[in-house]
Amino acid sequence: MYEQERQDLVEKLRQKGIRDERVLQALLKVERHLFVPEVMRPNAYNDVALPIGYNQTISQPYTVALMTSALNPKPGDKVLEVGTGSGYQAAVLFQLGAKVYTIERNTKLYNRALKLFDELQLRIAVRCADGTIGWEEFAPFNGIIVTAGSPEVPVRLKKQLAVGGTLVIPVGDKKTQVMKILKKISEDEFETEEIPYFAFVPLIGLEGWKEK
Ligand code: SAM
């Protein structure tokens, strides 16, 4: 279903500057319409963020493609995602052959993602918790991707990244963020690149924003 729409979307992403063929092929395979509420399905292949309930969103496909290209996960890499939301980004990482660990703080979204991963037979580990503290048990990760806007880069996530690994995270105020791409050079050394500007829902937790 929606095959033509998916192809058109991928073509649009190519035109917008996404060059990573592996990522484009993954977006061609993952059925975004299965990750949005039923009423939103006709809009699933527009390049926009969509509401998924509980004041949360599924990210814009362009943003998913850009962040995934920046993370550049290789098959077999252990990747942590903070902010499962709809589960779409996690499914794209799984499609790329990564071992995916994803954390969602909202119980309802967590339950929905758990069920969907099971139905789609995606072997993705999901946890309902505050992802700003990471997932120590499975650290270190080759890649960490945070899909909510943070005031700063959580120290625990930097610690749980393997040397040689990449951490992708939007950092800024509650309205606008820059995408930070940190490469861990040694235990306490990072090279950082920044891409402006993005608008994510807030990352709420111990090393994120405080809940109101
Ligand atoms: N990656 C998601 C997708 O593919 O649909 C989009 C994520 S949505 C923009 C951000 C998500 O982060 C929301 O579901 C929100 O509940 C979650 N979130 C916010 N703070 C969090 C935290 N500290 N730990 C885990 N999840 C968090």
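Further up the page is the structure itself.
What counts as what
Residues numbered from 1 in each chain as written. Predicted model: local features only at pLDDT ≥ 70, side-chain atom pairs only at ≥ 80, totals over all residues. Heavy atoms only, no water. Axes fitted to C-alpha atoms, helices over the stretch in contact; angles between N-to-C directions. Helix = DSSP H or I, 4+ residues; strand = E, 2+ residues; numbered from the N terminus. Parallel < 35°, antiparallel > 145°, perpendicular 65-115°, else oblique. Left-handed = near helix turned anticlockwise from the far one by under 90°. Contact = heavy atoms within 4.5 Å. Nonpolar A, V, L, I, M, F, W, Y, C, P; charged D, E, K, R; others polar. Near = heavy atom within 4 Å. Polar contact = N/O pair within 3.5 Å; in protein donor to acceptor, adjacent residues only side chain to side chain. Areas by Shrake-Rupley, 256 points an atom, 1.4 Å probe, with all protein chains shown as cover.

A. The arrangement of the packing of helix α3 (residues 61-71) against helix α4 (residues 88-95) in detail. As a packed pair, α3 and α4 sit with axes 11 Å apart at the nearest point and diverge in direction by 45 degrees. Comparing their axes, α4 and α3 come out oblique. Handedness of the crossing formed by α3 with α4: right-handed. Residues V64, T68 and L71 of α3 form the contact with α4, whose own contacting residues are Y88, Q89, V92 and L93. Per-class residue counts for the contact of α3 with α4 are five nonpolar, two polar and no charged.

B. Fine view of the site of the ligand. Around the ligand there are 27 residues in total, and E81, S86, E104, G131 and I204 lie nearest to it. The backbone of G83 places a nitrogen or oxygen atom 3.0 Å from a nitrogen atom of the ligand. Between the ligand and S86 there is a distance of 2.5 Å, counted from an oxygen atom to a side-chain nitrogen or oxygen. Protein coverage of the free-state accessible area of the ligand, which is 610 Å², stands at 99%. Taken together, the elements giving at least two residues each to the shell around the ligand come down to β2 (56-58), β3 (78-82), α4 and β4 (99-104). Looking at the shell around the ligand, the element that brings in the most residues is β2, giving three residues. Among the residues making up the shell around the ligand, the classes are represented as 11 nonpolar, 12 polar and four charged.

Honestly, it's all geometry; don't read function into it.
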